[in-house]
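# Coordinate analysis (summary)
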Amino acid sequence: MSISSTFHKWGSPRWFYQFSGRLLPWLAILSLLLLVGGAVWGLAFVPADYKQGNSFRIMYIHVPAAAVAMGAYMTMATAGAIHLIWRMKLAAMVMKAIAPIGASLTFLSLLTGAVWGKPTWGTWWVWDARITSVLILFFLYLGVIALHQAFENRDAAAKACAVLAIVGAVNIPIIYWSVEWWYSLHQPASISFTGESTIHPSMLRPLMATLCGMYLFFGWLLLLYTRIEILEREKNTRWVQDLICGESR
Amino acid sequence: MSEPKLLKLVIAVLHRDIVASLRRGSEWSNPLVFFVMVCALFPLGIGPQPDRLADLAPGILWVVALLASLLATDSLFRGDFDDATLEQMLLTHQSLYPQVLAKTLAHWLVTGLPLSLLSPMLGLLLHLPGEGTVPLMLSLVLGTSVLSFIGAIGAALTVGLRKGGLLLSLIVLPLYIPVLIFGSSAVKAAIEGAAYLPQLAMLGVFFLGALAFAPLAICGALRISVDQ
Amino acid sequence: MYFNSVSELFSMSGHGSYVWFSYGVSALVLATLVIIARRRRAAAEQHIRALVRRKDATTSN
């Protein structure tokens with residue numbers, strides 16, 4: 001099959017709806033297994049960290065949330081670019097579906113980071129380079145969501161958000177690098193260790209499980225939300241009406 | 001289009017925009033008044049001790065200048081959008097890129113540049129140490145031009161919306177962060193007696209990057225806003 | 001299991017409240033995302049059914 005015909009097939013909401021329907025149960029089962037399994041493993045079976053004690057167990061939820069939130073923004077910007085360049089409607093739906101999921105995951109990683117900070121650093125919030133970067137990522141998500149809500153015209157909203165997401169994605173490396181640089185100027189002496197240096201290999205295995213689980217969970221949610229977008233936008237087409245009301249009407 | 005013609009177009013748009021905003025007055029004076037007023041609020045909020053103010057002055061001056069530039073950005077395309085000049089700009093076969101570039105530069109000349117020129121006076125009010133004055137001006141001259149370009153993207157995206165103002169700040173502020181970091185750090189470095197040229201060089205890099213790429217995003221955003 | 005007893009697992013030598021709170025909130029947020037998806041899907045289906053009923057009513061007349 002040629003590239004362009006694959007592209008057209010993927011761009012068809014109907015084909016995507018049917019294909020994703022077959023994928024959904026597998027994603028749900030696998031992601032929940034990995035997330036729950038990894039969490040139980042990390043909570044109860046991994047030995048405590050010799051420096052941080054037991055608080056490091058928050059890592060198994062904090063790190064996956066932050067990683068997936070970051071990846072989700074890049075996916076959103078890519079979908080936006082595809083929508084702008086090839087005018088693929090499905091990409092606009094994917095983009096709209098990602099924003100609330102990504103924002104929730106970013107919020108989650110900020111919150112778990114704060115709760116992790118209290119027992120380890122003795123304070124809820126530290127203006128650490130990585131935390132600050134995640135906070136800015138959260139702001140970028142909120143900007144996209146706010147812009148989308150402000151438009152009444154759905155197509156214009158999608159295009160405007162695509163432009164903003166791309167501008168944001170281009171700026172993210174610059175922002176992260178600036179924040180790193182800013183932090184290196186003001187590094188407080190009280191934070192003497194970083195996450196990775198004390199991590200024992202045996203502690204990483206549950207992290208791999210929850211990380212994969214979170215990616216799959218994100219994929220599952222993304223499909224769920226995109227399918228709802230498809231139903232809402234294609235509500236006047238024959239295939240959607242047949243699908244919802246049965247073909248025998 | 002030949003080069004002299006392109007240059008003529010840029011100059012024509014620049015001239016028209018600058019004359020129009022100078023005639024209106026409020027467009028260039030309001031950000032300045034805002035800058036002065038908000039800077040005057042800080043001593044009232046944190047107390048009049050000169051050493052404390054001096055410590056905070058680089059950050060305060062930069063954040064307030066950033067906000068003043070942000071507030072001015074909302075009006076960048078508003079007038080042209082309302083009287084359909086923007087639509088004509090898009091319809092004519094003259095390329096949009098130089099026109100957008102000229103409009104953004106004109107906007108910076110009537111907002112960012114006056115802010116930078118006024119900043120030493122506000123530095124005095126906030127007891128900014130003397131070594132910081134020149135870096136403050138230089139970093140603001142470079143930095144506000146980047147802010148104008150980034151802000152113009154947001155203004156172009158929100159120009160078709162009725163309640164654009166607050167939304168504009170939500171989408172643009174996170175993108176301002178690198179400029180703020182390097183701008184205020186240049187002033188701080190100068191006060192501490194360290195080299196501040198590296199920070200200014202970074203702002204220069206940001207300016208060149210914004211000059212090259214921001215007009216592309218602005219053009220795309222304007223098309224979306226006018227088409228809807 | 002790393003811990004000697006269930007009560008030790010819950011207290012985690014003092015860090016229990018932080019750890020369990022993090023996991024609780026995470027479960028809550030992830031579950032909420034799924035529940036919102038379910039609700040929106042139900043609403044969309046209901047909307048489409050109403051649409052079809054209206055269309056059928058007008059064509060049968």
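This structure is a prediction, so every number in the text was calculated from the model and none was measured.

### Overview of the UniProt feature "transmembrane region" (unreviewed entry) in chain B
UniProt records the feature "transmembrane region" (unreviewed entry) at residues 28-46, 53-72, 105-126, 138-161, 167-191 and 203-226 of chain B, using the numbering of this structure. For residues 203-226 of chain B, helix accounts for 100% and strand for 0%, while the C-alpha atoms at its two ends are 32 Å apart.

### A look at the interface of chain A and chain C
Contact residues are listed per partner, giving 45 residues for chain A and 32 residues for chain C. Summed over both sides, the interface between chain A and chain C buries roughly 3,500 Å², with carbon and sulfur atoms accounting for 72% of that surface. Sorting the residues of chain A by area buried against chain C places L43, N54 and Y225 of chain A first, and these three jointly supply 17% of that buried surface. Viewed at the interface, chain C and chain A are joined by 2 salt bridges. Put simply, E229 of chain A and R40 of chain C hold a salt bridge, and the shortest N to O gap is 3.0 Å. Seen at the junction of chain A and chain C, the total is 9 residue pairs in polar contact (both at pLDDT 80 or more). Elements supplying a minimum of two residues to the side of chain A that touches chain C: α2 (13-45), α3 (59-86), α4 (89-121), α7 (201-233) and α8 (238-245) of chain A.

### A few points about empty space enclosed by the protein
Per the stated rule, a full pass over the model turns up 1 cavity of 30 Å³ or more. Volume-wise, the largest cavity comes out at about 40 Å³. Lining the largest cavity are Y73, F139, L140, G143 and L164 of chain A together with L170, I171, P174 and L175 of chain B. Those elements that place two or more of their residues in the lining of the largest cavity are α5 (129-150) of chain A together with α9 (165-191) of chain B. Residues belonging to the lining of the largest cavity are distributed by class as follows: 8 nonpolar, 1 polar and no charged.

What counts and what doesn't
- Residues numbered from 1 in each chain as written.
- Chains lettered and ligands numbered in written order.
- Predicted model: local features only at pLDDT ≥ 70, side-chain atom pairs only at ≥ 80, totals over all residues.
- Heavy atoms only, no water.
- UniProt positions renumbered as here; feature names shortened; annotations may be inferred.
- Helix = DSSP H or I, 4+ residues; strand = E, 2+ residues; numbered from the N terminus.
- Contact = heavy atoms within 4.5 Å.
- Buried area = accessible area lost by both parts, 1.4 Å probe.
- Salt bridge = Lys/Arg side-chain N within 4 Å of Asp/Glu carboxyl O.
- Polar contact = N/O pair within 3.5 Å; in protein donor to acceptor, adjacent residues only side chain to side chain.
- 1 Å grid on protein atoms, 1.4 Å probe; cavity = no way out; pocket = protein on both sides within 12 Å on 5 of 7 lines; lining within 4 Å.
- Points joined across faces, edges and corners; volume = space filled by probe spheres on them.
- Nonpolar A, V, L, I, M, F, W, Y, C, P; charged D, E, K, R; others polar.

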